[in-house]
Amino acid sequence: MAPAGRLLTSAAVALGLLVAGCSGDDAPSCAVTEPVAAADLPEVLRGSGEAWTGRDGLWTTVPGAEQFITDDGPPRLKHAWVTLDEDGQPTQERGDPGVGAEGLDGQGAAAASHGGYAHTDELSWWPTVVEFPASGCWSETGVVDGVEVRVVYRVP
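These numbers come from a predicted model, not from an experiment.

Let's talk about the overall build of the protein chain
Then, in step 1: Tallying secondary structure elements over the protein chain gives two helices and ten strands in all.
Then, in step 2: Of the regular secondary structure in the protein chain, the N- to C-terminal order runs α-α-β-β-β-β-β-β-β-β-β-β.
Then, in step 3: Expressed as a percentage of the 156 residues in the protein chain, the buried residues total 37%.
Then, in step 4: Carbon together with sulfur atoms contributes 53% to the accessible area of the protein chain, which is approximately 8,800 Å² in total.

Description of the environment of Trp 59
Then, in step 1: Along the chain, Trp 59 turns up in strand E2 (residues 58–61).
Then, in step 2: Once you skip the residues sitting within four places of it in the chain, Trp 59 turns out to touch Val 36, Asp 40, Leu 41, Pro 42, Leu 45, Trp 52, Thr 53, Gly 54, Ala 80, Trp 81, Val 82 and Leu 84.

Overview of the state of the cysteines
Then, in step 1: Inspection of the entire model under this criterion finds one disulfide.
Then, in step 2: Here Cys 30 pairs with Cys 137 through a disulfide, and the sulfurs are 2.1 Å apart. On the sign convention where negative means left-handed, the S-S torsion of about 75° between Cys 30 and Cys 137 marks this disulfide as right-handed. Highlighted residues: Cys 30 in the loop between helix H1 (4–20) and helix H2 (43–46) and Cys 137 in strand E9 (residues 136–144), separated in sequence by 107 residues.
Then, in step 3: Given a relative accessible area of 3%, Cys 137 falls into the buried group.

Observations regarding the confidence of the model for the protein chain
Then, in step 1: Averaged over every residue, the pLDDT of the protein chain is 86; the share at 70 or more is 82%.
Then, in step 2: Here residues 1–26 scores under 50 on pLDDT; set against residues more than four positions off or in separate chains, the count is eight contacts.

Remarks on the layout of surface pockets
Then, in step 1: Put simply, the largest pocket is a space of about 280 Å³.
Then, in step 2: Lining of the largest pocket is provided by 14 residues; of these, Ser 48, Glu 50, Trp 52, Leu 123 and Trp 125 occupy positions nearest its centre.
Then, in step 3: Here the residues of the lining of the largest pocket are counted per class, giving six nonpolar, six polar and two charged.

Description of the side chain of Thr 61
Then, in step 1: Topologically, Thr 61 is positioned in strand E2.
Then, in step 2: Given the relative accessible area of 2%, Thr 61 is considered buried.
Then, in step 3: Aside from chain neighbours lying at most four places away, what touches Thr 61 is Glu 50, Ala 51, Trp 52, Gln 67, His 79 and Ala 80.

Regarding the environment of Val 62
Then, in step 1: Assignment of secondary structure puts Val 62 in the loop between E2 and strand E3 (68–69).
Then, in step 2: Linking Val 62 and Thr 33, residues 29 residues apart in sequence, is a C-alpha distance of 7.2 Å.
Then, in step 3: Excluding residues within four positions of it along the chain, Val 62 makes contact with Thr 33, Pro 35, Ala 51, Trp 52, Thr 53, Gln 67 and Val 151.

Topic: the pairing of strand E4 (residues 76–83)
Then, in step 1: With seven of eight residues buried, E4 lies mostly within the body of the structure.
Then, in step 2: Judged from the two bridges that link them, E3 and E4 form a sheet pairing that is antiparallel. Of the residues in E4, the one forming a bridge with Ile 69 is Arg 76.
Then, in step 3: As judged from the six bridges shared by E4 and strand E8 (residues 124–131), these two strands associate in the antiparallel manner.

Calculation criteria
Residues numbered from 1 in each chain as written. Predicted model: local features only at pLDDT ≥ 70, side-chain atom pairs only at ≥ 80, totals over all residues. Heavy atoms only, no water. Helix = DSSP H or I, 4+ residues; strand = E, 2+ residues; numbered from the N terminus. Buried < 20%, exposed > 50% of the residue type's maximum accessible area, 1.4 Å probe, protein only. Areas by Shrake-Rupley, 256 points an atom, 1.4 Å probe, with all protein chains shown as cover. Contact = heavy atoms within 4.5 Å. Disulfide = S-S within 2.5 Å. pLDDT = per-residue confidence, 0-100. 1 Å grid on protein atoms, 1.4 Å probe; cavity = no way out; pocket = protein on both sides within 12 Å on 5 of 7 lines; lining within 4 Å. Points joined across faces, edges and corners; volume = space filled by probe spheres on them. Nonpolar A, V, L, I, M, F, W, Y, C, P; charged D, E, K, R; others polar. Pairing = 2+ DSSP bridges.

So, in structure tokens, the structure goes:
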């Protein structure tokens, strides 16, 4: 039988792990953003082959692991933010969305920047790079014209 002090310590550790959202050997949970169903996307985004989340004319890709660059320094993410006009068409007239990212595991903030307004025959978007100081669970938020969209993802 373990001494009372050891039982109390084990119970405190177990309670701490439950409160933190993990058990023993597991990493803390990260409730990543699920993409919007294709049928619910604006028409212009449906054929892009990307996973999207957003609302009210502000949309962003939900990044997959392949979009993170980790081989030459701290992790970076390259992905798109799209601003749409009242007809559901891409526009730069609303301006670039203000984008920032915050670590949900206590890692601080990440720097985000846009590379101008990009175009293909199918779509126009704000290319965005987010540079993370550390791996973990992150929340990225974009804001334009009072519309705020948040996406949560795990950085490798």
